[in-house]
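This is what each chain is made of:
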Amino acid sequence: MNLALSDRTQPATRKPTGRRRTMLLRSLPMLGWLIADLVLVVAHRFVPEANWLMVHLVLLGAVSNAIVVWSTYFADAVLRVPGGHPKRDRIVLTALNVGALGVVAGLLVHPARGGTGPAWLLIIGAILFGGAAVVHAAGLIHQFRVGLVGQFGIAVRFYIAAALFLPVGAYLGVRLASATTDHAPILLAHLGANILGWVGLTIAGTLITLWPTMLRTRADDGAVASGRRSWWVLVIAIAAVIIAGLVQLRWLAVLGLLLYVLGLALVAGPLVRVSRLKPPNSFGPWSVLAGSLWWVGCLVAAAIHLAVAPDLATGVAGVRGLVGPFTAGFVVQILLGALTYLLPVIVGGGPSVVRISVAAAERSAVPRLLLVNIPALLYLLPMPSLVKVTLSLAVVAGLVWTAVVLIATVVTGLRAVRNRPNPALLPRPKAAEEAVADPVADRRLRSGQAAAIVGTVALLVVAGALVDPVAVVGRYVPPVAASVDGAPAAGAAADVTPTGNTTTVQVEANGMRFTPAVIEVPAGDRLVVELTNADPGQVHDLVFANGVNSGRLAPGAKATIDVGIIGATLDGWCSIAGHRQMGMTLVVNVIGGDPAHAGHAAPAAGAGEPDAQRDPNAEPGPEVRVHDPVLPPVGPGTVHQHTFTVQEKVTEVAPGVRQSLWTFNGTAPGTTLRGKVGDVFEITFVNDGTIGHGIDFHAGALAPDRPMRVIAPGERLTYRFTATRAGIWMYHCSAHPMSLHIANGMFGAVVIDPPDLAPVDREFLLVQSEQYWGPQEGAGSPEKLAERAPDAVVFNGYPEQYAREPLTAKTGERVRIWLLNAGPNESLAFHVVGGQFDTVWREGFYELRPGSGSSGGSQTLGLFASQGGFVELEMPEAGHYSLVNHQMSLAERGAAGTIKVTD
């Protein structure tokens, strides 16, 4: 049955028939959705919702329009229904497009997604969208009952089942958007109904008859019987995936996906037999074939993700990552391939005009096909992010190229139809089309085009690598052996005498660290490292400064590294992007040889002792005590007397890092003061240090000349102020350079409660500060401070201390967190992962509070250096809520912790 030519009995005319003209006009919304999606591709870095929005624009808009238009057309063809049904089609397409717009807009403004719009917009859009599918299914059922059901009527059964799955997917989509927890099960069911059902069933049913038509041959005798069997298998498989999501049965979802692949295999059997008799030789069939391979590949990958995942949520997260490849590789390629075949026929105009349209559609077929699939396959490999971006843009360029060719095909065909009576005005074939008559020239042309695309993709990869060479080296380090047996390792002391002995050390990579992290080797010994990647979820390697490396190791893999003859200290690290910065380093120390460091540059002349470096493998020392984050209540009375004594002490500021801090009362931050508006604070300031210091309380308004003056060691002064305004105020040393005194520990907080401060269940205080490490057990580095290059950014004086010993609360309790950014340089963007603030008070002013009439919330409190405020929130359920500086590079330097919430 030749679907596309089912109206061949109509006479050729100067313009397309009414039926064909209608098909072309109904394709315009599909084109509009694709253009909108391409605009998003360009703007995706500026639109936070772009990733999911691009997928919905393709599947809800372009693909759904194509499904309705072409399934109706094919149903008419196989059922021999004359005349069409324009009124019903207009209703369905109008409801479909209005509903799709409503769904997209509703998702953008839905309150559960952080928007401020009405929730009913999404519901109405989903009702219209799902309702359009129901009406479409009803129309197909009517056609099936009144038409002449031949052997290929099985395709219409696929269309009906697909349309009935769509309302289920629409309902699940509304549930998914409104859910605050347990997204994964609903998402799995939603994907099963929409992608496997609505999209997959339609395409499977269409290919039964369209594939042989595209190859211009008759269908296989077993196609109909295989189609009937596969219909049952596919419908049962889709139902299994939906049920698996709703009842959270991971293995049922795996079985459902594998059953779906089996159903596709039943469909593919007759199609493969046809292809053997007449292989694909044009863009349309090759694009459909490539899309089908992506279809099966994504399904198998989804089944693997779910099978190996420890739980359903983790498995669905992996499946979700396949939606993009599924959409671009499978859906869009099959859509464009089918249109490449169908549009020239729909334009019509007789055999001569169709040949012209086909020639236009086949322009640059090979490079377009390769430009989509080669970069897409490379994208799946572990590549640096910049290379992945480049490859994804190449895929988009290939798809856009084909879309432009299709538009040009329609324009060329319509012009040819208009000029058909005058042959002189008909377009003449280009060289590429003329080459088809000469097989040798055709092969030469296609080979040249293929080579050009392969070369272009290679250049794109190289260009991305050149822009980000560190990332490439970090990911692709092939194994490199040591130097020739008996020779010193590269970079080792040249005069080292080999001992003939071998030191073998077993090293384990796990949790962003090497164990052991220090290896001691006698001078002249050959070092052999037996490396095991014991990390269950990370790829690692080990690279030494002499160029020897292990190559990439998958989880559980092992490698033996011949490092060579050791004559000087040698550094090692994991070169996977970001792992070295996270602390995956080790050092080989030489015993009895030249202590010169072969692994990195020596300090510059006059630089003195090198700055301290954090030992990523070290734990906090026994002297370290977690700074109590609980804010004490206001003390009795209205006059508060305190003594602040300057103490210089060597203390651990990070695991393995000891610095000589200048402190108030021996801690950094110093003693916290708290009072009410109108209270008086009387501070006796004593300098027991070795250099001059002073103190500046922001909580008091007074002339700074006397109370804030710098006093010499052994002196003291009295600082008296009245707290006239509420706030969380900073105090710090007033000596110059002030930035160094603050960074070296001389800061603290004064909390003055607002008069209307409501009671809460728990109250915490976090003071952010920065550390610029100097030499071990020395003072901070003024050079790093001037360069604004902190070694650590911390809450209450120590990196990630509240990740090890979290703050605690219970579900439903009201928690207030006071925040002060002591600086001296960096900003604080305070955020609780999983939490939302309903109260925000910054610098003496409520920016958000309950009962203000606002339904909004806040996600982040931003504070410049010396600013303060507080936030309030309630955690809805038990769990571990991370608290971070959302300037994420600072959180990764230590400004992070956890609130442990229990029932």
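These figures come from a predicted structure and were not determined experimentally.

**What about the overall build of the protein chain?**
Scanning the protein chain from N- to C-terminus turns up 22 helices and 27 strands. Counting over 903 residues, the protein chain shows a buried share of 52%. Within the protein chain, counting contacts between residues at least 6 apart in sequence, those at least 24 apart form 75% of the total. For the protein chain, the exposed surface amounts to about 39,500 Å²; the carbon and sulfur share of it is 61%.

**Some thoughts on the pairing of strand 1 (residues 502-510)**
Here strand 1 shows a clear split, with Thr503, Val505, Val507 and Ala509 buried on one side and none of Thr502, Thr504, Gln506, Glu508 and Asn510 buried on the other. One ladder, built from eight bridges, connects strand 1 with strand 4 (residues 526-533); its direction is parallel. Looking at strand 4, one finds that threonine 504 is bridged to valine 528. The pairing of strand 1 with strand 2 (residues 513-515) spans three bridges and is classified as antiparallel. Considered in strand 2, the bridge of asparagine 510 is made with arginine 513. The turn linking strand 1 back onto strand 2 is made up of two residues, and glycine 511 within it adopts a positive phi angle of 60°.

**Things to note about the packing of aromatic side chains**
Taken as a whole and judged by the stated rule, the model has 21 aromatic pairs. Between the aromatic rings of phenylalanine 697 and tyrosine 719, the centroid separation amounts to 5.0 Å while the plane-to-plane angle is 75°, which identifies the pairing as edge-to-face. Linking phenylalanine 697 in strand 13 (residues 696-697) with tyrosine 719 in strand 14 (residues 716-722), this pair joins segments that are 22 residues apart in sequence. Summarising the burial analysis for this pair, phenylalanine 697 and tyrosine 719 share the class buried. A ring pair is formed by tryptophan 818 and phenylalanine 870, whose centres lie 4.7 Å apart and whose planes are at 55°; its orientation type is tilted.

**Some words on the sheet that holds strand 24 (residues 861-863)**
The five strands lie next to each other as 19-27-26-21-24, forming an open sheet whose pairing is mixed. Only two strands of the sheet have a single neighbouring strand rather than two, namely strand 19 (807-810) and strand 24. Strand-to-strand, the axes of this sheet are offset by a mean angle of 20°, without reference to chain direction. Across three bridges, strand 21 (residues 828-832) lies against strand 26 (residues 879-885) in antiparallel orientation. When the bridges of strand 26 are listed, valine 832 appears paired with leucine 883.

**Details of the packing of helix 4 (residues 86-109) against helix 5 (residues 120-146)**
At a closest axis distance of 7 Å, the pairing of helix 4 and helix 5 adopts a crossing angle of 155°. Overall, the two elements helix 4 and helix 5 adopt an arrangement that is roughly antiparallel. Considering how the two elements wind past one another, helix 4 and helix 5 form a crossing that is left-handed.

**Comments concerning the sheet that holds strand 5 (residues 543-544)**
Backbone hydrogen bonds are what pair the strands of a sheet, in a parallel or an antiparallel way. Spatially, 3-8-7-5 is the arrangement adopted by the four strands of the open sheet, whose pairing is mixed. In this open sheet, the two edge strands, each paired with only one partner strand, are strand 3 (518-522) and strand 5.

**Things to note about the pattern of salt bridges**
Summed over all chains, the structure comprises 18 salt bridges. In this structure, glutamate 619 engages arginine 513 in a salt bridge whose closest nitrogen and oxygen atoms are separated by 3.7 Å. You can see glutamate 619 sitting in the loop between strand 8 (585-591) and strand 9 (639-654) and its partner arginine 513 sitting in strand 2, a full 106 residues away along the chain. Residue glutamate 763 is joined to arginine 674 by a salt bridge in which the shortest nitrogen-to-oxygen separation is 2.9 Å. Of the two residues, glutamate 763 sits in strand 17 (residues 762-771) while arginine 674 sits in strand 11 (residues 673-676), which places them 89 residues apart along the sequence. The pair glutamate 763 / arginine 674 is uniform in exposure class, with both members buried. Through salt bridges with shared partners, a single ionic network connects Arg674, Asp753, Glu763, Arg814, Arg816, Asp838, Glu872 and Glu874.

**A few points about the nonpolar core**
Nonpolar side chains tend toward joint burial in soluble globular proteins. Core analysis: the largest hydrophobic core is formed by 123 residues, its most contacted members being Trp70, Leu201, Tyr260, Trp295, Leu306 and Phe330. At 19 residues, helix 7 (residues 183-214) tops the list of elements feeding residues into this core. Setting aside residues up to four positions removed in sequence, tyrosine 260 forms contacts with Leu196, Gly200, Leu201, Leu234, Ala237, Ile238, Trp295 and Leu299.

**Details of unusual backbone geometry**
That bond from threonine 515 to proline 516 is cis: its omega, -5°, falls within 30 degrees of zero. Relative to the elements of secondary structure, proline 516 occurs in the loop between strand 2 and strand 3. Going from glycine 823 to proline 824, the amide bond is cis rather than trans, its omega being 20°. Along the chain, proline 824 turns up in the loop between strand 20 (814-823) and strand 21. In this structure, arginine 216 takes a positive phi of about 60° despite not being glycine. Its location among the elements puts arginine 216 in the loop between helix 7 and helix 8 (223-247). By relative accessible area, which is 51% here, arginine 216 ends up exposed. The residue arginine 788 is not glycine, and still its phi comes out positive at about 55°.

**Things to note about the packing of helix 7 against helix 9 (residues 250-277)**
Put simply, helix 7 and helix 9 touch, their axes get as near as 10 Å, and they point 10° apart. Here helix 7 is positioned roughly parallel relative to helix 9, judged by the angle of their axes. Every residue of helix 9 that contacts helix 7 at Leu188, Leu196, Gly200, Leu201, Ala204, Leu207, Ile208, Trp211 and Pro212 is listed here: Ala253, Leu257, Tyr260, Leu264, Val267, Leu271, Val274 and Ser275. Among the residues forming the contact of helix 7 with helix 9, the class breakdown is 15 nonpolar, two polar and no charged.

**Things to note about the environment of leucine 191**
For leucine 191, the position within the fold is in helix 7. With a relative accessible area of 15%, leucine 191 lands in the buried category. Residues leucine 191 and arginine 320 lie 129 residues apart in sequence; the distance between their C-alpha atoms is 8.9 Å. Leaving out residues up to four positions away in the same chain, leucine 191 has contacts with Leu196, Val319 and Val323.

**Some details on a nonpolar patch on the surface**
Together, Val98, Trp120, Ile123, Ile124, Ile127 and Leu128 make up an exposed nonpolar region whose accessible area comes to about 570 Å². Here the element with the most residues in the nonpolar patch is helix 5; it accounts for five residues. Considering the arrangement of structural elements, one finds valine 98 in helix 4. Judged by its relative accessible area of 44%, valine 98 falls in the partly exposed class.

**Examining the side chain of serine 292**
With respect to the element layout, serine 292 can be found in helix 10 (residues 283-308). Relative accessible area serves as the criterion here: at 19%, serine 292 is assigned to the buried category. Ignoring sequence-local partners within four residues, the contact set of serine 292 consists of Leu207 and Ile334.

**Quick notes on the environment of proline 620**
Along the polypeptide, proline 620 turns up in the loop between strand 8 and strand 9. On a C-alpha basis, the gap between proline 620 and proline 655 in space is 4.8 Å, while along the polypeptide they are 35 residues apart. Not counting chain neighbours up to four residues away, the residues in contact with proline 620 comprise Glu652, Pro655, Tyr798 and Arg804.

Conventions we followed
Residues numbered from 1 in each chain as written. Predicted model: local features only at pLDDT ≥ 70, side-chain atom pairs only at ≥ 80, totals over all residues. Heavy atoms only, no water. Helix = DSSP H or I, 4+ residues; strand = E, 2+ residues; numbered from the N terminus. Buried < 20%, exposed > 50% of the residue type's maximum accessible area, 1.4 Å probe, protein only. Contact = heavy atoms within 4.5 Å. Areas by Shrake-Rupley, 256 points an atom, 1.4 Å probe, with all protein chains shown as cover. Pairing = 2+ DSSP bridges. Phe/Tyr/Trp six-rings, centres within 6.5 Å; stacked < 30°, edge-to-face > 60°. Axes fitted to C-alpha atoms, helices over the stretch in contact; angles between N-to-C directions. Parallel < 35°, antiparallel > 145°, perpendicular 65-115°, else oblique. Left-handed = near helix turned anticlockwise from the far one by under 90°. Salt bridge = Lys/Arg side-chain N within 4 Å of Asp/Glu carboxyl O. Core = buried A, V, L, I, M, F, W, Y, C linked by side-chain atoms within 4.5 Å. Nonpolar A, V, L, I, M, F, W, Y, C, P; charged D, E, K, R; others polar. Patch = residues over 30% accessible without salt bridge, like charges linked within 9 Å, V, L, I, M, F, W, Y side chains within 5 Å.

On their own, these measurements won't tell you what the molecule is for.
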